[in-house]
Amino acid sequence: MKYPVTLIEGDGIGPEVTGATTKILDAAGAPIVWEKALGGLAAVEALGHPMPEQTLNSIRQNRLGLKGPLATPKGKGYRSANVHLRQELDLFVGYRPVQTLPGITTPYKDVNIIVLRENTEDLYAGIEHAITEDTVLTLKVSTHRSGERIARWAFEHMRNHGRRSILCCHKSAVVPMADGAFADAFETVAGDYPYIDSGQLEVDSLAFELARDPTPFDVLLLQNLYGDILSDLAAGLVGGLGVVPGANIGDKIAVFEAVHGTAPDIAGKGIANPLAVLSSGLLLLEYVGEQTIAERIRRAVFDVLEEGKHLTGDLGGDADTAKFTAAIIDKL
C-alpha cells in the first residue's frame, strides 16, 4: 500500500530540508507517493495566495501533508499561511513532542514533553479592528466546544501512548471567562479519565518551572498563543527549533511540519539541518501505522548524532546537508 502525501517544500531552506527528508524516507522504504504543492512565497508568485485553494484541496484529498517552513509576504494584507492552513482544514491540535536527543549538549537531561496547542481559536482567530486612530481592539475567542475537543484528543492520545500526567496551563486568574472556559472544558473531560493524573497550572508558573527543571513534566495542554510561545521555549530546552518536529492534526487530516523558520541567510548554501522536518516525517509514518520504518530511521539518526562525525554546523559539526543525509542513509 502506498500513501499519497501532499509535499509543500516551503521557502528559504525549505526545499533543501524537505528534499533531504524525502530522500531518507524513500531510502528506508517508506510507502509514500509525494504530491508536490505550492505554499508560501512561491505560491504567491504563481497563484496569488500563500496558501492557495488547490494546495488545500490536495491535502483534503490525501488527508496527509508534509511541509517545510513557509514565509508570508509582509504588509500586503495576507494572513499567515500557517494559520490559514490550520483554520481552513480545522487542524485543531498543534502537536509538539520535545525530547532530549543523543549527542546534543543541553543544560537538561531526560526531557520528554508533549506540548499540545489548541490551533483554531484565541487571538489567532484574527478578529481585530481599530476603535480610534491610536486604539486597536483584538478579540480572544474561546469556546467550550474547542476546549473539550482538544482535551479529549489529549487524553485519548495519552491513553494509547503510555503518557500518565497532563497539565492544563492558562491564565484564568486574569482572563477568567476565556481561559476559564478552556480550563472548565478540560476538567469536564478529565473526569472521564480517572486513571490519568491531571491538574492545572498558571502559564507564567509553567514558564518558571520549565526553566528551573523541565524533567518532571509529561503532557502540557495550552490555548493557541500560550502554546505557540511555550512550545518554542520547550524546544530550546533540547537544542532548539532545528531538532524538534511538529504536526497539525484534525479529525481526518494531519499535516506534519518543520517548526523553525525559513532561514533566508543560509538558504541555497546546502548547510541546513533537516532534522526537524525529518523528525516530522517520522511522526507522519507513525500516524499511518508505519512504526517499524519510523523506528528504523530514528535509530539511524540517533547513531549519527551519537557518533558526532557528520553533524551540521548548528549541532557543532562541519557537515553540510548532503553529508548529514548520506550518513543517515549509510546507517540505514
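Given the structure is predicted, the values throughout are model-derived calculations rather than measurements.

Criteria and thresholds
Residues numbered from 1 in each chain as written. Predicted model: local features only at pLDDT ≥ 70, side-chain atom pairs only at ≥ 80, totals over all residues. Heavy atoms only, no water. Helix = DSSP H or I, 4+ residues; strand = E, 2+ residues; numbered from the N terminus. Axes fitted to C-alpha atoms, helices over the stretch in contact; angles between N-to-C directions. Parallel < 35°, antiparallel > 145°, perpendicular 65-115°, else oblique. Left-handed = near helix turned anticlockwise from the far one by under 90°. Contact = heavy atoms within 4.5 Å. Nonpolar A, V, L, I, M, F, W, Y, C, P; charged D, E, K, R; others polar. Phe/Tyr/Trp six-rings, centres within 6.5 Å; stacked < 30°, edge-to-face > 60°. Buried < 20%, exposed > 50% of the residue type's maximum accessible area, 1.4 Å probe, protein only. Lys NZ or Arg CZ within 6 Å of the ring centre and 35° of its normal. Pairing = 2+ DSSP bridges. Patch = residues over 30% accessible without salt bridge, like charges linked within 9 Å, V, L, I, M, F, W, Y side chains within 5 Å. Areas by Shrake-Rupley, 256 points an atom, 1.4 Å probe, with all protein chains shown as cover. Salt bridge = Lys/Arg side-chain N within 4 Å of Asp/Glu carboxyl O. 1 Å grid on protein atoms, 1.4 Å probe; cavity = no way out; pocket = protein on both sides within 12 Å on 5 of 7 lines; lining within 4 Å. Points joined across faces, edges and corners; volume = space filled by probe spheres on them.

## A closer look at unusual backbone geometry
Located in the positive-phi region is aspartate 90, a residue other than glycine, with phi close to 55°. With respect to the helices and strands, aspartate 90 occurs in the loop between α4 (81-88) and β4 (93-99). Non-glycine residue aspartate 110 carries a positive phi angle of around 60°. Its place among the elements puts aspartate 110 in the loop between β4 and β5 (112-118).

## Notes on the packing of helix α9 (residues 275-287) against helix α10 (residues 291-307)
Packing of α9 against α10 leaves a shortest axis separation of 8 Å and a crossing angle of 155°. As far as their axial angle goes, α10 and α9 are roughly antiparallel. For the pair α9 and α10, the crossing hand works out as left-handed. Residue-level inspection shows Leu275, Leu278, Leu282, Leu285 and Glu286 of α9 in contact with α10, the latter providing Gln291, Ile293, Ala294, Ile297, Arg298, Val301 and Leu305. Of the residues belonging to the contact of α9 with α10, the class tally is 9 nonpolar, 1 polar and 2 charged.

## Section: the packing of aromatic side chains
The full count for this structure, using the stated rule, is 5 aromatic pairs. Relative to tryptophan 153, the ring of tyrosine 95 has its centre 6.1 Å away and its plane inclined at 70°; by these criteria the two rings are edge-to-face. With tyrosine 95 in strand β4 and tryptophan 153 in helix α5 (residues 144-161), the pair connects residues that are 58 residues apart, well separated along the chain. With relative accessibility at 12%, the residue tyrosine 95 sits in the buried group. Here the basic side chain of arginine 117 rests over the ring of tyrosine 124, its NZ or CZ set 5.1 Å away from the ring centre. Here arginine 149 stacks its cationic end above the ring of phenylalanine 92, 4.0 Å away from the centre of that ring.

## Structural notes on the sheet that holds β4
The 10 strands are arranged β2-β1-β3-β12-β11-β4-β5-β10-β8-β9 in an open sheet whose pairing can be described as mixed. Of all the strands in the sheet, just β2 (32-37) and β9 (197-202) have a single pairing partner and so form its edges. Geometrically, the sheet is characterised by an average inter-axis angle of 25° between neighbouring strands, direction not taken into account. Direction of pairing for strand β1 (residues 3-8) relative to β2: parallel, over a ladder of 6 bridges. The partner of isoleucine 8 across the bridge, within β2, is alanine 37. Seen against the sheet, helix α3 (residues 53-62) touches β1, β2, β3 (64-67) and β12 (254-258) and runs at an angle of roughly 155° to β1. Of the strands in this sheet, β3, β5, β11 (245-249) and β12 are in contact with α4, which crosses β12 at around 165°.

## Brief notes about a nonpolar patch on the surface
Taken together, the side chains of Ile127, Ile131, Leu137 and Leu139 define a hydrophobic patch exposed on the protein surface, amounting to about 320 Å² of accessible area. Relative to the helices and strands, leucine 139 is located in the loop between β7 (135-138) and α5.

## Regarding empty space enclosed by the protein
For the structure on display, the rule yields 1 cavity of 30 Å³ or more. Each pocket or cavity is described by its volume, and for the largest cavity that value is around 50 Å³. For the largest cavity, the full set of lining residues is Glu118, Glu121, Asp122, Val141, Ser142, Thr143, Ser146, Gly147, Phe182 and Gln223. Split by residue class, the lining of the largest cavity holds 2 nonpolar, 5 polar and 3 charged.

## Side note on the environment of tyrosine 108
Positionally, tyrosine 108 belongs in the loop between β4 and β5. For the pair formed by tyrosine 108 and alanine 319, sequence separation is 211 residues and the distance between their alpha carbons is 25 Å.

## Digging into the pattern of salt bridges
Per the counting criterion, the structure on display carries 19 salt bridges. Between aspartate 179 and lysine 140 there is a salt bridge, and its shortest N-O distance comes to 2.6 Å. Here the residue aspartate 179 occupies a position in helix α6 (residues 178-190), and lysine 140 occupies one in the loop between β7 and α5, the gap between them amounting to 39 residues. Using a relative accessible area of 0% as the deciding quantity, one classes aspartate 179 as buried. Of the charged contacts, one joins glutamate 202 and lysine 171 as a salt bridge, the two residues approaching to 3.7 Å between their closest N and O atoms. A residue pair is termed long-range when its members are at least 10 positions apart, and glutamate 202 in strand β9 and lysine 171 in the loop between β8 (165-170) and α6 qualify at 31 residues. In the salt-bridge network here, residues are joined through shared partners; they are Lys67, Arg86 and Glu257.

## Description of the packing of helix α1 (residues 14-27) against α9
Between α1 and α9, the least distance of the axes is 9 Å, while the angle of their chain directions is 45°. Taken together, the axes of α1 and α9 are oblique relative to one another. Relative to α9, the crossing made by α1 is right-handed. When α1 is examined against α9, the residues Val17, Thr18, Thr21, Ile24 and Leu25 are found in contact with a partner set consisting of Val277, Leu278, Gly281 and Leu285. Partitioned by chemical class, the residues of the contact of α1 with α9 number 6 nonpolar, 3 polar and no charged.

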